[in-house]
Amino acid sequence: MYKYLIIEGLGWLFIIIVIVIVALKSGLVNKLLKFFKRKKVFKTIAVLGVLVLGVGMVLYGRTSYPVHFAMPATMHSVASDHNPPSLPLLSLWRFLTESRKFEFVKDVGADPNKVPSPINRTEPKTVELALTTKEVIAEVADGIYNNYWTFDGQAPGPMLRIREGDTVNFTLTNDNSSLHNHNIDFHATTGPGGGASVTNVKPGESRSFSWKSLAPGLYIYHCATSNVSVHNSHGQYGLILVEPKEGLSKVDKEFYLVQGELYTQGGIGKKGLQAFDPQALLDGIPTYVTFNGKIETVPRMKAKVGDSVRIYVGNGGVNLVSSFHVIGEIFDKVYPEAAMGPESAILQNVQTTTVLPGGASIVEFKVDVPGKYTIVDHALARMNKGAWAVLEVEGDDQPDIYKSKEDSNNQPKHKIDAHEGY
Ligand SMILES: [Cu+2]
C-alpha cells in the first residue's frame, strides 16, 4: 500500500535531480554564488532578514484563529485526538511508527446479510452485549487503503438486536493496538451520552454499563469520543434494532445497510494508503460515500422472485442526508425515520425515503421481477463516490409485470441498464 507513495517520491526525486543538473550546467548556481560573494555578508543577512520578516507579516496578517470555533489542532493530521494535542507531524510520525500493529482486514465492509434472528420472546430479559473498538487498515476499493476505526473490525459495526424492555449489560473493549481512546453512544439508550460518558476506554481497557431499552425502533450507535465527527468518518457507527413488544411482521429476507462517508487527502480513485482530510470533513465534501464501509465489488444481497424484503438502513453521516432509493422498486412500506409504536405513521408506496445522519429507516418491499436492483442514495452524484449496492433477484421472468417489446437477442448493448454493469 506504500507503493504509490514510493513511486510518487521517486518521481519528485528524478525531477529535482534534473533541475539541479540543469541549474549547474547553465551556470545559474555560479551566478548566484558570485552575487553573494560580491556583497558583504551583513548586507546579505539584512536582505534575507527583511524577506523573512515580510513573508512572516503577510502570513500572520492573513491568518485568523477564532478562539471558540477554530478547528482543533487535534484534527490536523491522520492520527488525531491525542490528549494533550500533538503537532501534526508528531501525530503522523506516531501513525507511521505504530500503525504496524494494526490488523490488515481483508474485507472491512459489514456483510449486509448478517442480521440477527428475529426475537421470539414474549417477555423482556437481561442480555449481554459486547463490542471491541479496533483501528485497522483495509481497502476502500481495489488498491485504495484507509485507516478505519471500527467496532469489531468492520464498518459499520455489527447489527445488534434486542427487544423493547430488555436490560442490556454492555461491555466496550478498546483493542491494545488502538492509538486513540473510544467510547459508544447508543441512540437507543436513555442516559447521559447514550453511554458515552461511562464507556471512555483507553487502548487495552474495558468498561461496562447497563441500560434498559425503553422505546422500540432502529437506532444508530457510534463512537462519541472527541472529536466525534473524526471518529464517525473513520467508520465508527452501526445499528441496534429494538424490536417492539409485539415483534415485527415476518419477511423472507432481512438486510443491513449503513451509509457512511470517508474523507481522504488523495482524490477519488487515488491508490495507496490515504491520509485523512480534516478540511474536507469540515467542508462536508466526502471523497467516498459508502454503503457498508467500502465500494461493493460483487452483489452480496440475494433474493428470489416473490420474496418479501426488509432493509434496515442507517446513516453514520457525518454530513450528508441520504435519499435512500432502490432503482426499479417501490417500497410497499416505510417506517419513516425508523419510528415505531401504535401511534406511529407507516408510509405506503414510497419511492425514496430520508435517512438522516445519526438516523435510520426501515423499508419493506416484495421483489416481483428477476434482475439486478441497484440501491442508491438518489443524490446520484454520490453513486460516483461509491454510494450503491446491488440486490440480485433470481427467478422466472414475470412478463405480466415487466417485459421488453424488443427481441432480447437484438437489443443494442446501450439499452441494457447501466447499473447492471458489474
Ligand atoms: Cu472512536
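The rules behind these values
- Residues numbered from 1 in each chain as written.
- Predicted model: local features only at pLDDT ≥ 70, side-chain atom pairs only at ≥ 80, totals over all residues.
- Heavy atoms only, no water.
- Pairing = 2+ DSSP bridges.
- Helix = DSSP H or I, 4+ residues; strand = E, 2+ residues; numbered from the N terminus.
- Buried < 20%, exposed > 50% of the residue type's maximum accessible area, 1.4 Å probe, protein only.
- Polar contact = N/O pair within 3.5 Å; in protein donor to acceptor, adjacent residues only side chain to side chain.
- Contact = heavy atoms within 4.5 Å.
- Axes fitted to C-alpha atoms, helices over the stretch in contact; angles between N-to-C directions.
- Salt bridge = Lys/Arg side-chain N within 4 Å of Asp/Glu carboxyl O.
- pLDDT = per-residue confidence, 0-100.
- Phe/Tyr/Trp six-rings, centres within 6.5 Å; stacked < 30°, edge-to-face > 60°.
- Core = buried A, V, L, I, M, F, W, Y, C linked by side-chain atoms within 4.5 Å.
- Donors = N, O, S within 2.8 Å, 3.2 Å for Na, K, Ca; no water.

A. Up close: the sheet that holds strand β4 (residues 160-163). If you walk across this open sheet you meet the four strands as β4-β9-β8-β6, and the pairing is mixed. The open sheet has two edge strands with one neighbour each: β4 and β6 (185-186). As paired strands, strand β8 (residues 217-222) and strand β9 (residues 237-243) are joined by six bridges and run antiparallel to one another. Bridge pairing links Gly217 to Val242 in β9.

B. Main features of the side chain of Asp377. Along the chain, Asp377 turns up in strand β20 (residues 371-377). You can call Asp377 buried: its relative accessible area is 0%. Within the structure, the side chain of Asp377 is placed 2.9 Å from the side chain of Gln259, a separation counted as a polar contact. From its side chain, Asp377 meets the backbone nitrogen of Ser323 in a polar contact 3.2 Å long. Those residues in contact with Asp377, other than ones at most four positions away along the chain, are Gln259, Phe291, Val321, Ser322, Ser323, Arg382 and Ala387.

C. Spatial organisation of the sheet that holds strand β10 (residues 253-262). The strand order across the open sheet built from six strands is β12-β10-β14-β19-β16-β17, with neighbouring strands paired in mixed fashion. Sheet topology places β12 (288-291) and β17 (347-350) at the edges, where each strand pairs with a single neighbour. Going across the sheet, the axis of each strand differs from the next one's by a mean of 25 degrees, ignoring polarity. Here strand β14 (residues 308-315) runs beside strand β19 (residues 359-366); their pairing, made up of eight bridges, is antiparallel.

D. Representation of the pattern of salt bridges. Using the criterion set out here, one finds 14 salt bridges in the structure. One salt bridge connects Glu8 with Lys270, and the closest N-O pair in it is separated by 3.3 Å. Highlighted residues: Glu8 in helix α1 (residues 3-25) and Lys270 in the loop between β10 and β11 (272-274), separated in sequence by 262 residues. Between Arg310 and Glu254 there is a salt bridge; the shortest N-O distance is 2.8 Å. Taken together, the positions of Arg310 in strand β14 and Glu254 in strand β10 put the pair 56 residues apart, joining distant regions of the chain. Across the pair, Glu254 and Arg310 agree in class, each one buried. Through salt bridges that share partners, Arg161, Glu243, Glu254, Arg310, Lys333 and Glu364 make up one connected network.

E. Spotlight on the confidence of the model for the protein. Of the residues in the protein, 90% have a pLDDT of 70 or more, and the chain-wide mean is 88. This model gives residues 66-85 a pLDDT under 50, and the stretch forms 42 contacts once residues within four places in sequence are excluded. Counted against residues more than four places away or in other chains, residues 418-422, with its pLDDT under 50, gives 11 contacts.

F. Structural view of the packing of aromatic side chains. Following the criterion strictly, the structure yields nine aromatic pairs and no others. Centre to centre, the rings of Phe170 and Phe186 are 4.9 Å apart; their planes meet at 85 degrees, and the pair counts as edge-to-face. One end of the pair, Phe170, is in strand β5 (residues 167-174); the other, Phe186, is in strand β6, and 16 residues separate them in sequence. Of the two residues, Phe170 and Phe186, neither departs from the other in class, the shared state being buried. Taken together, a centroid distance of 5.6 Å and an interplanar angle of 55 degrees make the contact between Phe186 and Tyr221 tilted. On the criterion of sequence distance, the pair formed by Phe186 in strand β6 and Tyr221 in strand β8 is long-range, its members being 35 residues apart. As far as burial versus exposure is concerned, Phe186 and Tyr221 are alike and both buried. A connected cluster of aromatic rings, assembled from ring pairs, spans Phe151, Phe170, Phe186, Phe209, Trp211 and Tyr221.

G. Geometry of the nonpolar core. Counting residues in each nonpolar core, the largest one holds 26 residues, and the members touching the most others are Leu257, Ile311, Phe324, Phe331, Phe365, Ile375 and Leu391. Formed by 20 residues, the second largest nonpolar core is a distinct cluster that contains Ile162, Ile184, Tyr221 and Val242.

H. Just the coordination of the copper ion, in detail. Within the protein, His182 (ND1), Cys223 (SG), His231 (ND1) and Gln236 (OE1) serve as the donor atoms for the copper ion, at 2.0 to 2.1 Å. Counting along the primary sequence, the residues that act as donors to the copper ion give the motif H-x40-C-x7-H-x4-Q. Taken as a pair, His182 in the loop between β5 and β6 and Cys223 in the loop between β8 and α5 (228-232) lie far apart in primary sequence, 41 residues in all. Across the pair, Cys223 and His182 agree in class, each one buried.

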